[in-house]
Each structure stands twice: as C-alpha cells, then as structure tokens.
Amino acid sequence: MSAPADVHYARTRDGIDIAYTVFGEGPDLLLAPGFVTHLDLMWDFPPFQRLAELSHAFRLIVLDKRGTGLSDRSLGFGSVEERAEDIRAVLDAVASEQAILYGISESGPLCTYFAASHPGRVRALILYGTMARFDQSLGLAVDPSRGEPFASQEELIEWMAREWGKGEVYNLFLSAPPDAEAARRVLARYERSACTPQMCREIMTRNVEMNVEAMLSAVAAPTLVMHCARDPLIHVEHGRRLARGIPGAKFVEIDGDFHGSWKSEDVDKLSVPLAEFLATVVGSDAQTPGVVSGRELATVLFTDIVGSTKRAGELGDATWRSLLDRFEEAASRAVSGAEGRLVKTTGDGMLATFGGPSYAVGAARALQDASLSLGVSVRAGLHTGEIERRGDDIGGIGVHIAARISALAQSGEILVSRTARDLAVGSRIEFEDRGTHALKGVSQDWQVFAVC
C-alpha cells in the first residue's frame, strides 16, 4: 500500500522537524505509532493498513516521532516533556483545536502526558499495548537466539542495537509472518530506512526511563486502554495499571499473544472495542471533564528573595520598593521567555505555571541571574502535578507541594519534586538527590532533587 497522502513538516519549540501526514474527513484523530515508524513505508504492514481505514470517519493525523522515519534523526534531549512536544507541534500545524489521541506502545506515555497537560485539546485518549512506567520485574521479551527472556533491559537494548537492520528486531513487534524469510527481508529494509542502530539504542534507553505514573490521575478525557492478554513485549499488567490509574478509563483485555501482527484476524480483535469507544466519543458533544472542572496538569514554580526582611531594613522603604518593582519586571520577563504564565507576584516572590519542568527550570535560572544584578538572591521550588484554575489564581495539592519544596531551598538553589525530575529525565538538566522530606500539610513524604 502506498502512502495515503503527502508528507508535511512541523517545527517543534526545540527546533526539530516532525514529519506528518493528514487524510480523511471528520473529527480529528491523531495517531502516534509505536517504536520506530516511516510514513512512506509503514503502510505495507497490516496493523497500519487497518488503522488507515479510520480515515473513512475521521481526519486522521499520523506522525513520525523525532528520531525516526522522515522526521529529524534526533531526540533532542529526549525527555518525556520534550518528546510530547511532537504532538503539540503537529496539532498546531494542522490547526487542530481538539483531537482524539491514539497512542501505541512507546507513544502511550507521550499521549498520556499530553492529555494530562493539555486537557482542552484532547477529546479522548486511546492507549494500546503500552504502560505508564516500564517495570522490568513483569518480564522481558524472549531472545530469539536462545529462546529465553533477556536477562535485563540493558541486555535487550544492546541486542536490539547490535541486530538492527537485519529484520530481527522488528520481528519482535510483528508476530505470525506468513513467510518468515520474506518478512525478515522486508523488515530489514524497513529498519535501515527508519533509523540507525545508534538511534535505536537511544530511543529504547529513553523508553525504559519514561515514567508518567504521577500524571494518570490528571487525565480527564474519556479513555480506552487495550492490551493483549499475552503480549510478548509489554506485559498485560502494564495495561491494567494504566486503566486503574486513569479516572473512569475503560480497560479491554484482548485475547491474543501479539504486540503487533501480520495476521488480519489478530488486528481485527482491536476493531470492535475501538469502534464502540469512538462511537461513544463522537456521539457526545460534551466538553472533556478537565475543561469543565478547571483541573489540569501543570508545572508550578514558586520563587522568593532570600532574607527579604533584613534586606528591606537595610535599604529603606523607598529603595526596597524600587528594587521589588525591578524584580517583578525581571520575573515577568523570565516567565514569558519560558512560555509560562505568571499567576501572581507575592511582594518578594512569584507564582507561575509552565507546560513542563524544563521550562520552569529555565525561568528560575533566568530570574536568579537577573536578581544578582539587583543585589539579592532567589531560591526556587517546583512540582509537576494537578492544579485547579480559580479565575486568575490557581490552587490544589500541586500548588501546595511546590510551595513546600520552595521553602526547603537554600539561597540560589532550585529544588524539584521527584515527579518533575522524572519528566525531565533525558533532558539537558542534571539533578542531585537531596533526600526524602515530610512536607507540611501533605500526607506523604516526597523525594526532592536539586538542579545542578
């Protein structure tokens, strides 16, 4: 099957070109395929041929994620936050205000993160054969040469990089080929065209680092989770955990032993629950619950001037007031420069929200640099979690956690929660573990990290 439509490009905020195609008419449905794809070649395989049929009822938007296919052969810095940027860039490029997201395999965490952080843009969420966090204890794929599971995820990753380009790796993802040798030749060409061995290793390394467990409760869109009972790559318990974590999610356990398959009868097993769910979603004109309630996922940043009371006494009221005016101007520039929203200033500090932790860290660093010229030092704390919009203000547990973490910071320090740190894993930011702390008014202890 030839490519169903022309390929176009969208530019992400971090400067990476993402290839995408659009075809069909109807409500928008963005398909984020799994591990490695190629928009010119993927339509030769039954799973993608069947997915292309969704264009009979939807405007189908399909992308090659960064690092693969026709997109830039770079992961950027490779964090969940940055890789989810591919979705936003493509939706903006096709002028999609709200779409159904369909995340397969490694794209599941990226779609989940996007749904939690952009509730107004996600009409519904579909997840197949994926997870919130890879749990090695649930088992690994079988090494074809030994007939036994790989001993560790590191061994699996090294095997994939070593065998890439021979058709062996993608054979793990597509079961039951009609002709094993012919399939191997087709898959070998596909692998070589889609990415390099080095990029294969880098993608898989980032995949096992992804963790969006803390985001699940913030997903407000209607959600369908599908998983094969005997998936040979990603254990079905991963799917069950996803469904338990996302409020109101429907879980469908498919009677199958495949992740992807050459057999049409295997692919057809996904069609019925998918069609039923889509009919329900398209038949409802209601906004997603996240838009109605004002709840959403955000990265919250608190900053304040260290020793402000003493400094005010030294300078006097008029000079201190002038310094605070300049501090507020610097805060506004730092937040807007990182594409955030300044919620309010607090005299000697500020509260702001961002689309992800790397943006918040960038704003905190910029404000700290600007504050040095004012003769003051700023400490900062941030957390990624669920917040509630209250007019121009915000509230909720996510705000409380960020405030408590900020209070732990020393002069010139930026502290982040474990959740924010996990989302930034793979980015250019390095962290130091600062231990576990009891946060006042928060029920559980929290692990805190310092930005190096």
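Residues numbered from 1 in each chain as written. Predicted model: local features only at pLDDT ≥ 70, side-chain atom pairs only at ≥ 80, totals over all residues. Heavy atoms only, no water.

Undergrad: What's the story with the layout of surface pockets in this structure? I'm lost.
TA: Regions of empty space are outlined by a rolling probe, equal in size to a water molecule, passed over the atoms. Its boundaries defined by the atoms lining it, the largest pocket holds a volume of some 530 Å³. Looking at the largest pocket, it is lined by 28 residues, and the ones nearest its centre are P47, L51, Y102, I104 and L270. For the lining of the largest pocket, the elements supplying multiple residues, two or more each, are helix 1 (46–52), strand 5 (99–104), strand 12 (260–261) and helix 10 (271–282). By volume, the second largest pocket amounts to about 350 Å³. What lines the second largest pocket is a set of 21 residues, among which R13, S117, H118, F354 and G355 lie closest to the centre. Mapped onto the lining of the second largest pocket, the elements with two or more residues apiece are helix 3 (85–93), helix 4 (107–117), strand 13 (295–305) and strand 15 (349–354). Of the residues that constitute the lining of the second largest pocket, the class distribution is 8 nonpolar, 5 polar and 8 charged. (1 Å grid on protein atoms, 1.4 Å probe; cavity = no way out; pocket = protein on both sides within 12 Å on 5 of 7 lines; lining within 4 Å. Points joined across faces, edges and corners; volume = space filled by probe spheres on them. Helix = DSSP H or I, 4+ residues; strand = E, 2+ residues; numbered from the N terminus. Nonpolar A, V, L, I, M, F, W, Y, C, P; charged D, E, K, R; others polar.)

Undergrad: Sorry, what's going on with empty space enclosed by the protein here?
TA: According to the stated counting rule, one finds 1 cavity of 30 Å³ or more in the structure shown. Of the volumes computed, that of the largest cavity is approximately 260 Å³. Surrounding the largest cavity, 18 residues form its lining, F134, F173, M204, L233 and I234 being those nearest its centre. Elements that contribute at least two residues to the lining of the largest cavity include exactly helix 5 (153–163) and helix 7 (197–209).

Undergrad: Sorry, what's going on with the pattern of salt bridges here?
TA: A pair can form between side chains of opposite charge whenever their charged atoms are brought close. Applying the stated criterion to the full structure yields 41 salt bridges. We note a salt bridge from D17 to R11, for which the minimum N-O separation is 2.4 Å. In this structure, the salt-bridge partner of R428 is E82, at a minimum N-O distance of 3.4 Å. Remark: E82 occurs in helix 2 (residues 80–83) and R428 occurs in the loop between helix 16 (418–424) and strand 19 (431–438); sequence separation between them is 346 residues. (Salt bridge = Lys/Arg side-chain N within 4 Å of Asp/Glu carboxyl O.)

Undergrad: Would you explain the nonpolar core in this entry?
TA: Nonpolar side chains in soluble globular proteins tend to end up buried together. Among the nonpolar cores identified, the biggest contains 64 residues, and F35, Y102, I126, M160, Y170 and M226 are the most heavily contacted of them. With 5 residues, helix 7 is the single largest residue contributor to this core. One finds V80, V122, L127 and V219 within the second-largest nonpolar core, a separate group that totals 41 residues. (Core = buried A, V, L, I, M, F, W, Y, C linked by side-chain atoms within 4.5 Å. Buried < 20%, exposed > 50% of the residue type's maximum accessible area, 1.4 Å probe, protein only.)

Undergrad: Explanation requested: the packing of aromatic side chains in the structure shown.
TA: For any two aromatic rings, the description comes down to two numbers: the centre-to-centre distance and the angle of the planes. With the rule as written, the count across this model stands at 9 aromatic pairs. For the ring pair F35 and W164, a centre distance of 5.8 Å and an interplane angle of 85° mean the geometry is edge-to-face. One end of the pair, F35, is in the loop between strand 3 (28–32) and helix 1; the other, W164, is in the loop between helix 5 and strand 9 (174–175), with 129 residues separating them in the sequence. This pair shows no difference in class: F35 is buried, exactly as W164 is. Ring geometry for Y170 and Y190: centres 5.1 Å apart, planes at 70°, overall edge-to-face. In this pair, Y170 sits in the loop between helix 5 and strand 9 while Y190 sits in helix 6 (residues 180–194), placing the two residues 20 residues apart along the sequence. Judged on exposure class, the residue Y170 and its partner Y190 are both buried. Following the ring pairs from residue to residue traces out a cluster consisting of F35, F45, W164, Y170, F173, Y190 and W262. Taking the ring centre of F449 as reference, the NZ or CZ of R421 above it sits at 4.9 Å. (Phe/Tyr/Trp six-rings, centres within 6.5 Å; stacked < 30°, edge-to-face > 60°. Lys NZ or Arg CZ within 6 Å of the ring centre and 35° of its normal.)

Undergrad: So what exactly am I meant to see when it comes to the pairing of strand 18 (residues 414–417) here?
TA: Looking along a regular strand, one sees the side chains alternate between the two faces of the sheet. The side-chain alternation of strand 18 yields two buried faces, one formed by I414 and V416 and the other by L415 and S417. Across 3 bridges, strand 18 lies against strand 20 (residues 445–451) in antiparallel orientation. Note that in strand 20 the partner of V416 across the bridge is F449. (Pairing = 2+ DSSP bridges.)

Undergrad: Please explain helix 6 as it appears in this structure.
TA: One full turn of an α-helix is made of 3.6 residues, so residues set three or four places apart face in the same direction. Helix length check: helix 6 (15 residues) gives 20 Å between terminal C-alpha atoms against 21 Å at 1.5 Å per residue, within 8%. Buried within helix 6 we find A183, L187, A188, Y190, E191 and A194. Structurally, helix 6 contributes buried residues whose contacts are with helix 5 and strand 9. With a side-chain oxygen lying 3.2 Å from the backbone nitrogen of E181, the N-terminal cap of helix 6 falls on D179. (Expected span 1.5 Å × (residues − 1). Contact = heavy atoms within 4.5 Å. Polar contact = N/O pair within 3.5 Å; in protein donor to acceptor, adjacent residues only side chain to side chain.)

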